[in-house]
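These are the residues of each chain, in order.
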Amino acid sequence: MLTRLFRVSDKGDFSAEDLRCIQEAADVIRDGGLVGFPTETVYGLGGNALDASASKKIYAAKGRPSDNPLIVHVSCMEEILPITADIPETGKKLAERFWPGPMTLIFRKSDAVPRETTGGLDTVAVRMPSDPVAAELIRRAGVPIAAPSANTSGRPSPTRAEHVWQDLHGKIEVILDGGPVKVGVESTIVDVTGKTPTLLRPGAITMEMLEDAVGHVEIDPAILGPVSPDVHPKAPGMKYRHYAPKADLTIVEGDMDRVVGEINRLAEEKLAAGKKVGIICTEETKNRYPEGMLESIGTRSRQETIAHNLFAVLRDFDDRGAEYIFSEGFAEDHLGQAIMNRMKKAAGYHILHV
Ligand code: TXA
Ligand code: MG
């Protein structure tokens, strides 16, 4: 299949040409095809959420297990009613506060949503993205769009159109290039079907923000550590080794001086053995490592810079052929909870405390 790539404005000030491209992508979705498109979190791989065969194509293109449900994207509240069985009070409050934006809510599904889209579950994950290209695409498609992250299953999520191209060209009809995404980690997922809302995946809408909106929020244990094979986390996707670079990633945490010392020591050891080694540092520490395969992921004083660069840095090291990556660890408050959740999974929970 020939994949067409259309560059469109990321500001919402669409030219006639931009709108023609978005319309063409919307027509592909209406016709049962697949489109890679930007959202504010990561790029999505979209198909008609109400069409079981489109959902099957999504799983095939990603190489994703079909028990891992898709998120259904809408452009306004009216589009949610036909796909859900009911909208609980906490769901309403969270939707009013944080939509459109980087949050996904789990509702009980209606019959309109095929089980192929929900991985066989009775519930449906719904998100209203704030990205103007995503919103325009959904509106023009006239159907809700099922979209997982637009990466090959198991690889780091795509934060630029080039990443989508690398993983999916030849497998999907269109990629809309709206430039680099804003947030860089996937949406916060909150299950509102139970008595107490439960966080299933941390993201840019932080625990602090959720609790400010609706009071106590529980945390699904799958977020906090490795999941054993006999456990079924509420978000089935959380059980897979996600976000992984090809290299063996180790996180080193603790007192900063000791972290820098240990990463330098480990890197030297591997280099001496003839291995290709990457180091992930921050603006604060970049002068304390040897030059070469060194990437600054952002500054500790602005967590959003770290989230923004996280997946691109992991993909860069893949492209540069790193065999081992050593990374500093990061604080786990606010956005740091999402950053460390992705980092730890990428590292297969290989973490050293010094
Ligand atoms: O930011 C995002 O959410 C991006 C963009 C494209 O919107 N999408 C995304 O989709 O991250 P994906 O498929 O990579 O991750 C979806 C996660 C998986 O962990 C899946 O198990 C969970 O959402 N999920 C989907 N439907 C669910 C449901 N009904 N109940 C529980 N978890 C669900
Ligand atoms: Mg994903």
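Each chain has its residues counted from 1, following the order in which its sequence is written. Chain letters start at A and ligand numbers start at 1, both assigned in the order the entries are written. Only residues with pLDDT of at least 70 get local features here, since the model is predicted, and only at 80 or more are side-chain atom pairs given and counted; chain-wide, interface and lining totals rely on the full set of residues. With hydrogens and water stripped out, all remaining heavy atoms of the structure feed into the side-chain values.

**Quick word on the pairing of strand E10 (residues 188-191)**
On a regular strand, one side chain projects to one face of the sheet and the next to the other, so that they alternate.
Here is step 1: Accessibility here uses a 1.4 Å probe with only protein chains present; expressed as a share of the type maximum, an area under 20% marks a residue as buried, one over 50% as exposed, and anything in between as partly exposed. Secondary structure elements follow DSSP: runs of H or I of four or more residues count as helices, runs of E of two or more count as strands, with numbering from the N terminus. Where burial is concerned, the two faces of E10 agree: the one with Thr 188 and Val 190 and the one with Ile 189 and Asp 191 are both buried.
Here is step 2: A pair of strands counts as paired when DSSP detects no fewer than two bridges linking them. Sheet topology places strand E6 (residues 103-109) next to E10; four bridges connect them, and they run parallel. Along E10, the bridge assignment pairs Thr 104 with Ile 189.
Here is step 3: As defined by bridge partners, E10 adjoins strand E11 (residues 198-201) across three bridges and the pair is classed as antiparallel. Bridge pairing in E11 links Asp 191 to Thr 198.
Here is step 4: Between E10 and E11, which pair antiparallel and follow one another directly, the connecting turn spans six residues.

**Let's talk about the domain arrangement of the protein**
Here is step 1: Assigned domains within the protein: domain 1 (4-223) and domain 2 (248-353).
Here is step 2: With centres defined by C-alpha atoms, the gap from domain 1 to domain 2 works out at 29 Å.
Here is step 3: The interface is formed by 28 residues belonging to domain 1 together with 18 residues belonging to domain 2.
Here is step 4: The term buried area means the drop in 1.4 Å probe accessible area that two parts suffer when joined, counted for both and summed. At the boundary of domain 1 with domain 2, total buried surface from both sides reaches about 1,700 Å², with 50% on carbon and sulfur atoms.
Here is step 5: One side-chain nitrogen of Lys or Arg within 4 Å of one carboxyl oxygen of Asp or Glu is enough to make a salt bridge. The interface formed by domain 1 and domain 2 includes three salt bridges.
Here is step 6: With its nearest N and O atoms 2.8 Å apart, the salt bridge here joins Asp 318 to Arg 155.
Here is step 7: Elements with a contribution of two residues or more to the side of domain 1 that touches domain 2: helix H5 (161-168), E11 and helix H6 (207-214).
Here is step 8: Ranked by residue count, the leading element in the side of domain 1 that touches domain 2 is H5, at three residues.
Here is step 9: Ten residue types, Ala, Val, Leu, Ile, Met, Phe, Trp, Tyr, Cys and Pro, are classed as nonpolar, four, Asp, Glu, Lys and Arg, as charged, and the remainder, Gly among them, as polar. The residue inventory of the side of domain 1 that touches domain 2, partitioned by class, reads 13 nonpolar, nine polar and six charged. Residue ranges for the domains trace back to a domain assignment, done automatically or taken from a database. Pairs of residues are marked as contacts when any of their non-hydrogen atoms sit within 4.5 Å.

**What to know about unusual backbone geometry**
Here is step 1: Put simply, Trp 99 and Pro 100 share a cis peptide bond, and its omega is -5 degrees.
Here is step 2: Mapping Pro 100 onto the fold places it in the loop between helix H3 (89-98) and E6.
Here is step 3: Although it is not a glycine, His 334 sits at a positive phi angle of roughly 45 degrees.
Here is step 4: In this fold, His 334 is placed in the loop between strand E16 (324-328) and helix H9 (336-346).

**Considerations on the pattern of salt bridges**
Between side chains of opposite charge, a pair can form as their charged atoms come close.
Here is step 1: One pass over the structure, following the stated rule, counts 25 salt bridges.
Here is step 2: With its nearest N and O atoms 2.7 Å apart, the salt bridge here joins Glu 136 to Arg 140. Taken together, the positions of Glu 136 and Arg 140, both in helix H4 (residues 132-141) and four residues apart, correspond to about one turn of that helix.
Here is step 3: The class of Glu 136 is buried, set by a relative accessible area of 13%.
Here is step 4: Relative accessible area serves as the criterion here: at 28%, Arg 140 is assigned to the partly exposed category.
Here is step 5: Residue Glu 186 is joined to Arg 342 by a salt bridge in which the shortest nitrogen-to-oxygen separation is 2.7 Å. Here the residue Glu 186 occupies a position in the loop between strand E9 (174-177) and E10, and Arg 342 occupies one in helix H9, the gap between them amounting to 156 residues.

**Things to note about the site of ligand 1**
Here is step 1: Around ligand 1, a shell composed of 29 residues is seen, among which Thr 41, Arg 64, His 73, Ser 187 and Gly 237 lie nearest.
Here is step 2: Between N or O atoms, a polar contact is any pair within 3.5 Å; within protein, one atom must be a potential hydrogen donor and the other a potential acceptor, and residues adjacent in sequence are included only when both atoms are from side chains. Side-chain polar atom of Thr 123 to a nitrogen atom of ligand 1: 3.0 Å apart, as the coordinates give it.
Here is step 3: Between ligand 1 and Ser 149, the relevant distance is 2.9 Å, taken from an oxygen atom to a side-chain nitrogen or oxygen of the residue.
Here is step 4: For ligand 1, the accessible surface in isolation is 680 Å², of which the surrounding protein chains cover 98%.
Here is step 5: Tallying contributions element by element places strand E7 (residues 123-127) first for the shell around ligand 1, with four residues. Residues are classed as near a molecule or strand on a simple rule: at least one heavy atom within 4 Å of it. For the accessible areas, the method is Shrake-Rupley and the probe is 1.4 Å, while residue cover comes only from the protein chains on display.

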